[in-house]
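# An overview of the molecular structure
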Amino acid sequence: MSATTLAPDRPSIPWPWLTRGGRFSWTRMLVLVSAIAPGLVLLWLLGSGQMGAEPWKAAAKESGTWAIRFLLISLAVTPLRHVANWPQALTFRRMLGLVALGYAVLHLLMYAGHMAWDLPEIASEILLRFYLTLGFLVLLGLVVLGVTSTDGWQARLGRRWKALHRAVYALAAAGIFHQFLQAKSRADGAVLMAGVFLFLMAWRALPGRWRASPLALAGLAVLAAAGAAGVEFAWYALSSNLPAARILAANLDPGAGLRPAQLTLVLGLAVAVLPWLARLRWPGRAARAR
Ligand code: HEM
């Protein structure tokens, strides 16, 4: 859902598996199939009665999780382009953003199923419960970005298009807050998403020459992990009676299992290795980029 250049030979129907030149692309097809596979599996499990005692509720949780994951994956495309020296990554950004929107719509449908399709009740819940109102606003924002993600809208909006599409950062933050609010005292998933979001936003604040530096990326990983631990501490201290200080200390206890802040660190360090891998994979290209 972001800037792409206009191409004169754009196919009339921009099927996601076609390149801008209208050619079939196996890579695009693979990305598309991998992105929608969890949704298809989810629908199959729901349809075959394998989603537990409260199938719609479980499906709502699962689809919401995929919505936020794909929103963050779409935000990871620009960093990936630089870190892995992979310009082609940018051509997947719109598709991945639209996949996030698709999962968010599925999430609302699953919630509606959980509420027995009682539309007046669903509307009143969305109006009355803050976390649902917030989720609804995020969904509306994603719809606006999805609709205006086409070349036509990009040309029509001109410079305002970029400003509008920067709203995706606020939408991701609000989506994560929605996740925290519904998670209450089981916020591991939300803390991990917050850590990943912090990493992606902090990367954008890096000076250009450090954006593919393994050392700077490792530093970011440590910062994002510390940020995730801080967010987790603040969340439990402010919203629950749980011992927030002990939860914070568990991040330094190897016996406490993998904490979300630690997972943020692991993911960040994995990203820090990518520039080296890219140099091994594309030595010529890496040398040109330097
Ligand atoms: C009309 C809009 C929305 C409604 C009514 C809604 C409703 C809900 C509900 C009821 C839950 C709790 C599920 C449960 O535990 O029973 C939930 C969780 C969640 N929602 Fe939403 N939501 C909306 C929009 C969104 C959007 C736009 C996103 C992300 C972009 C999102 C991401 C999530 C996530 C990540 C969870 C946590 C799932 C988990 O527990 O693992 N939601 N939402």
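To start, this report covers the structure provided alongside it.

Conventions adopted
Residues numbered from 1 in each chain as written. Predicted model: local features only at pLDDT ≥ 70, side-chain atom pairs only at ≥ 80, totals over all residues. Heavy atoms only, no water. Phe/Tyr/Trp six-rings, centres within 6.5 Å; stacked < 30°, edge-to-face > 60°. Helix = DSSP H or I, 4+ residues; strand = E, 2+ residues; numbered from the N terminus. Buried < 20%, exposed > 50% of the residue type's maximum accessible area, 1.4 Å probe, protein only. Lys NZ or Arg CZ within 6 Å of the ring centre and 35° of its normal. Donors = N, O, S within 2.8 Å, 3.2 Å for Na, K, Ca; no water. Tetrahedral: all angles 85-135°; square planar, octahedral: opposite > 155°, others 65-115°. Patch = residues over 30% accessible without salt bridge, like charges linked within 9 Å, V, L, I, M, F, W, Y side chains within 5 Å. Areas by Shrake-Rupley, 256 points an atom, 1.4 Å probe, with all protein chains shown as cover. Salt bridge = Lys/Arg side-chain N within 4 Å of Asp/Glu carboxyl O.

## Side note on the packing of aromatic side chains
- Here the structure, examined in full by the defined rule, presents nine aromatic pairs.
- A ring pair is formed by Trp56 and Trp117, whose centres lie 5.7 Å apart and whose planes are at 85°; its orientation type is edge-to-face. Of this pair, Trp56 sits in helix H2 (residues 55-83) while Trp117 sits in the loop between helix H3 (93-114) and helix H4 (119-128), placing them 61 residues apart in sequence.
- Residue Trp56 is classed as partly exposed on the basis of its relative accessible area of 29%.
- Classification of Trp117 by relative accessible area gives partly exposed; the value is 46%.
- Plain terms: the ring middles of Trp86 and Phe92 are 5.8 Å apart, the flat faces sit at 50° to each other, and that makes the pair tilted.
- Its relative accessible area of 3% is what places Phe92 among the buried residues.
- Within the aromatic cluster, the residues linked to one another by ring pairs are Trp66, Phe70 and Tyr103.
- The ring centre of Trp203 lies 4.4 Å from the NZ or CZ of Arg211, which sits over that ring.

## A closer look at the coordination of the iron atom of the ligand
- Around the iron atom of the ligand, the protein contributes the donor atoms His107 (NE2) and His178 (NE2), which lie 2.0 Å from the metal centre.
- Every donor counted, the six donor atoms about the iron atom of the ligand form angles of 85 to 178° at the centre, which fits octahedral coordination. A residue pair is termed long-range when its members are at least 10 positions apart, and His107 in helix H3 and His178 in helix H8 (residues 167-183) qualify at 71 residues.
- Taking relative accessible area as the criterion, His107 reaches 24% and is therefore assigned partly exposed.
- Given the relative accessible area of 15%, His178 is considered buried.

## Observations regarding a nonpolar patch on the surface
- On the surface, Val273, Trp276, Leu277 and Leu280 cluster together into a nonpolar patch covering about 430 Å² of accessible area.
- The exposure class assigned to Val273 is partly exposed, which follows from its relative accessible area of 35%.

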